[in-house]
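Breakdown of the fold
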Amino acid sequence: MDHESNLGLHRLLCSNVAPNTCEAAFFRLQIDDITSQISQLRSRLSELEDQLQLHRAVLSPVRRTPVEILGEIFAHFLPDVLQAGARDNLVGIQLVCKRWRDAARLTHKLWSALHFQDLTSIAYKKIRQWFDRAGSIPKHLVYSAVSHDACTDQSFACGSLQSSALATLLVSLEGTLDHLSLGYKGPKCFQNLLDSLGAVEEGPTSQQRRPWHPLKSMTLEFGEEWIESPNPLRSMFHHLPQNITSFELRLPDKWSDAFEDGEDSAIAPLPLPQNLLERLSSFTLCCNWDGTQWLEAALGHCVNVETLTMDFEGSYWLYHENHPHTERLLSSGLLLPKVRTLRLKNVFPPSIDILCALKAPQLVELDIDFDFDDDLDWEFSQPVLSFVKRSKCDTTLRLFHLRYAFMKTQELSATLRGLPFLTHLTLEGVTTDTAASLIDAFEALEDGPQPYLPNLEVLDLLQLQPDLYFFPLLDFLKSHRPYRMENGEPVFTNPQDTFKQLTVTYQTMPKKKTRI
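Reading the values: the criteria
Residues numbered from 1 in each chain as written. Predicted model: local features only at pLDDT ≥ 70, side-chain atom pairs only at ≥ 80, totals over all residues. Heavy atoms only, no water. Helix = DSSP H or I, 4+ residues; strand = E, 2+ residues; numbered from the N terminus. Buried < 20%, exposed > 50% of the residue type's maximum accessible area, 1.4 Å probe, protein only. Contact = heavy atoms within 4.5 Å. UniProt positions renumbered as here; feature names shortened; annotations may be inferred. Phe/Tyr/Trp six-rings, centres within 6.5 Å; stacked < 30°, edge-to-face > 60°. Lys NZ or Arg CZ within 6 Å of the ring centre and 35° of its normal. Polar contact = N/O pair within 3.5 Å; in protein donor to acceptor, adjacent residues only side chain to side chain. Patch = residues over 30% accessible without salt bridge, like charges linked within 9 Å, V, L, I, M, F, W, Y side chains within 5 Å. Areas by Shrake-Rupley, 256 points an atom, 1.4 Å probe, with all protein chains shown as cover. Salt bridge = Lys/Arg side-chain N within 4 Å of Asp/Glu carboxyl O. Lys, Arg positive; Asp, Glu negative; His and termini not counted. Charge placed at Lys NZ, Arg CZ, Asp CG, Glu CD. Core = buried A, V, L, I, M, F, W, Y, C linked by side-chain atoms within 4.5 Å. Axes fitted to C-alpha atoms, helices over the stretch in contact; angles between N-to-C directions. Parallel < 35°, antiparallel > 145°, perpendicular 65-115°, else oblique. Nonpolar A, V, L, I, M, F, W, Y, C, P; charged D, E, K, R; others polar. Pairing = 2+ DSSP bridges. pLDDT = per-residue confidence, 0-100. Arc of directions from axis to C-beta.

Here's the deal with the overall build of the protein chain
Of regular secondary structure, the protein chain possesses 16 helices and 19 strands. Within the protein chain, buried positions represent 44% of all 516 residues. Across the protein chain, the fraction of contacts at a sequence separation of at least 24, relative to all contacts at a separation of at least 6, is 76%.

Put into structure tokens, the structure is as follows:
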């Protein structure tokens, strides 16, 4: 193309002049050529971007993440006890790549706990193989039949089939399990399992088949039925494994179908054998029954229990103070001679006087977790301090945890003032009747000549309100080691005291209650 033609084409590119037929044909060819080049460049760009991603992946920190860290990430993602869906997720994780598979297999705790609701179609050999991947860490099997029909005469065959399957599974896992959790609607269903296990033990290989006797830890839950003989000699609890030292018992709610009326729970029999209670070192009891009969039946022989947890399910504890049995119990207190850790969970605030019925002379740690209530008209300091005084545990009690309570400021400050020997204090989700929340309780403490809580080493203030006024807390901390400012620097007037650690967190969401 000559110079004059180039000038004509340039004229068209730089103006709005319409091209003639020849010029239009030329530009169509140019467009096709440019489009082809763009397509080739885009293809090349895509190839380069893919190569860039591959090269960057070689240097990615994720590639250098140790398999142990990957395993911890998997464990954080998955629940502690794996039901069917979670088991499928764990299998899926291993299909991503060999490295992920290795990480999952090396993380033994991923394989340590299984939950089933139907055992009739389970391959027992695969369950044994699954638990074998847990290595030497404790293994936990959960079987929950609370959603099944109760073991009435009509459903007896189905219940027997499930119980037989569970007995067969326990035989295949003999010597493997460390903890067994069983959930039933009522004792009849549990009796089916006992009968199935009895058939196994009475068989021709009974000396080799004692499937659950090696167990040392067990959870037993009954949901909607309670039919037990008051005669301890006929109690189903006599048939529990003879070696268990840790036991969790969840009894039916007093408002469930187990009782016609909530107050009927006050006379319900709870025939726990003395020899069972005497060998326990850890005992968890979930019970909101009325009266004190259940209390003495459950704790009367816990002479070796060191960790006691009582869950009241947020229900009001109703008892008759003038009843002779109750008067005797409240006047002397139920002795728990070796309890070092006492946890009260889901306590309805006015029911904190359950402490009036207990006595723990070796107590080291007291943990009280309330079921939050907006009523302030209840006492806290008197039951707690009376319990400590009656127990004479001031020489041993060092850790106090209070969770999700709503109370008067003076009740909280009076309680803490009466516990000067504490070394660890946790206040989690605690609010008071003052605008500044629980920090006002610390302000109320700073009126004596000595530092408040003089032996305190660790203070955890958790789930605080975001608009908290902090100056009372700062004054409290200053009281532990007074100082004056000189030339912009603090000069301490006393030597370092025992205080070592302060943890503060803020509320992000309401407390969620879960039940396993």
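From this point, the narrative continues.
Focus on the environment of L82
Along the chain, the position of L82 falls in the loop between helix 4 (67–77) and helix 5 (84–94). Not counting residues within four places of it along the chain, the set of residues in contact with L82 comprises R87, L90, L110, A113, L114, H115 and W130.

Re the UniProt feature "coiled-coil region" (unreviewed entry) in the protein chain
According to UniProt, the feature "coiled-coil region" (unreviewed entry) maps to residues 31–58 in the numbering used here. Within residues 31–58, the helical portion is 100% and the strand portion 0%, while the C-alpha atoms at the span's ends are 41 Å from each other.

Re the packing of aromatic side chains
Applying the stated rule across the entire model yields 16 aromatic pairs. Where W226 meets W289, the ring centres are 5.8 Å apart and the plane angle is 70°; that geometry is what we call edge-to-face. Residue W226 is located in the loop between strand 4 (217–222) and strand 5 (246–250), and its partner W289 is located in the loop between strand 6 (282–286) and helix 11 (293–299); the two are separated by 63 residues in the primary sequence. Taking relative accessible area as the criterion, W226 reaches 8% and is therefore assigned buried. Taking 5.7 Å as the distance between ring centres and 75° as the angle between the ring planes, the aromatic pair formed by Y316 and F348 counts as edge-to-face. Note that Y316 is positioned in the loop between strand 7 (307–311) and helix 12 (324–332) and F348 in the loop between strand 9 (341–347) and strand 10 (358–359), a separation of 32 residues in sequence. In this structure Y316 comes out as partly exposed when scored by relative accessible area, which is 43%. One aromatic cluster in this structure is built from Y143, Y184, F190, W212, F222, W226, F259 and W289. Note that R133 overlies the ring of W111, its terminal NZ or CZ placed 4.8 Å from the centroid.

Brief notes about the side chain of Q162
Looking at the secondary structure, you find Q162 in helix 8 (residues 156–172). Owing to a relative accessible area of 8%, Q162 belongs among the buried residues under this scheme. Separated by 2.8 Å, the side chains of Q162 and D118 make a polar contact.

Overview of a negative patch on the surface
On the surface, E260, D261, E263 and D264 cluster together into a patch of negative charge. Within the secondary structure layout, E263 lies in the loop between strand 5 and helix 10 (274–278).

Details of the nonpolar core
If you look at the biggest cluster of nonpolar residues, it comprises 118 residues, and the most contacted ones within it are F190 and F283. Discounting chain neighbours no more than four positions away, the residues touching F283 are F247, L249, L272, L277, A298, L299, C302, V305, T307, L308 and T309.

Observations regarding the packing of helix 4 against helix 6 (residues 98–106)
Between helix 4 and helix 6, whose axes approach to 8 Å, the crossing angle comes to 75°. Taken together, helix 4 and helix 6 sit at an angle that is classed as roughly perpendicular. The segment helix 4 lies against helix 6, with V67, L70, G71 and F74 engaging R99, W100, A103, A104 and L106. Of the residues that constitute the contact of helix 4 with helix 6, the class distribution is seven nonpolar, one polar and one charged.

Focus: the pattern of salt bridges
Scanning the entire structure with this criterion turns up eight salt bridges. R128 is paired through a salt bridge with D132; the nearest N and O atoms lie 3.6 Å apart. Of this pair, R128 and D132 both sit in helix 7 (residues 124–132), separated by four residues, roughly a single helical turn. Looking at R128, the relative accessible area reads 31%, which means it is partly exposed.

Observations regarding the pairing of strand 9
Among the seven residues that make up strand 9, five are buried, leaving the element largely enclosed by the rest of the structure. Bridge count for strand 7 against strand 9 is five bridges, and the pairing is parallel. The partner of L308 across the bridge, within strand 9, is L342. Bridge analysis of strand 9 against strand 11 (residues 365–370) gives five bridges, and the strand direction is parallel. If you follow L342 over to strand 11, its bridge partner there is L366.

Focus: the packing of helix 5 against helix 6
Running from N to C, helix 5 and helix 6 point in directions that differ by 135°, and their axes come no closer than 7 Å. Taken together, the axes of helix 5 and helix 6 are oblique relative to one another. Contacts from L90, I93 and Q94 in helix 5 reach W100, R101, A104 and R105 in helix 6. Looking at side-chain class alone, the contact of helix 5 with helix 6 contains four nonpolar, one polar and two charged residues.

Brief notes about the confidence of the model for the protein chain
Looking at the protein chain, the pLDDT average stands at 84 and 88% of residues meet or exceed 70. Scored below 50 in pLDDT, residues 152–157 makes three contacts in the model with residues more than four places away or belonging to other chains.

Some thoughts on the side chain of T415
Position of T415 relative to the elements: it lies in helix 14 (residues 409–417). Looking at T415, the relative accessible area reads 0%, which means it is buried. Within the local environment of T415, its side chain forms a polar contact with the backbone oxygen of E411, the two atoms lying 2.7 Å apart. What T415 contacts, discounting residues up to four positions off in sequence, is F380, S381, V384, L385 and F400.

Describing helix 4
Because an α-helix completes one turn every 3.6 residues, residues spaced three or four positions apart along the sequence face the same direction. For helix 4, the full list of buried residues reads L70, G71, F74 and A75. Viewed end-on, helix 4 has its buried residues packed into an arc of 140°, placing them on one side of the element. Considering only its buried residues, helix 4 is in contact with helix 5 and helix 6.

Quick notes on the environment of K389
With respect to the secondary-structure elements, K389 resides in helix 13 (residues 381–391). Note: C-alpha distance between K389 and K359 (30 residues apart in sequence) is 9.3 Å.

Structural notes on unusual backbone geometry
One non-glycine residue, K392, adopts positive backbone phi at about 55°. Relative to the helices and strands, K392 is located in the loop between helix 13 and strand 12 (399–403). Note on K392: relative accessible area 64%, which makes it exposed.

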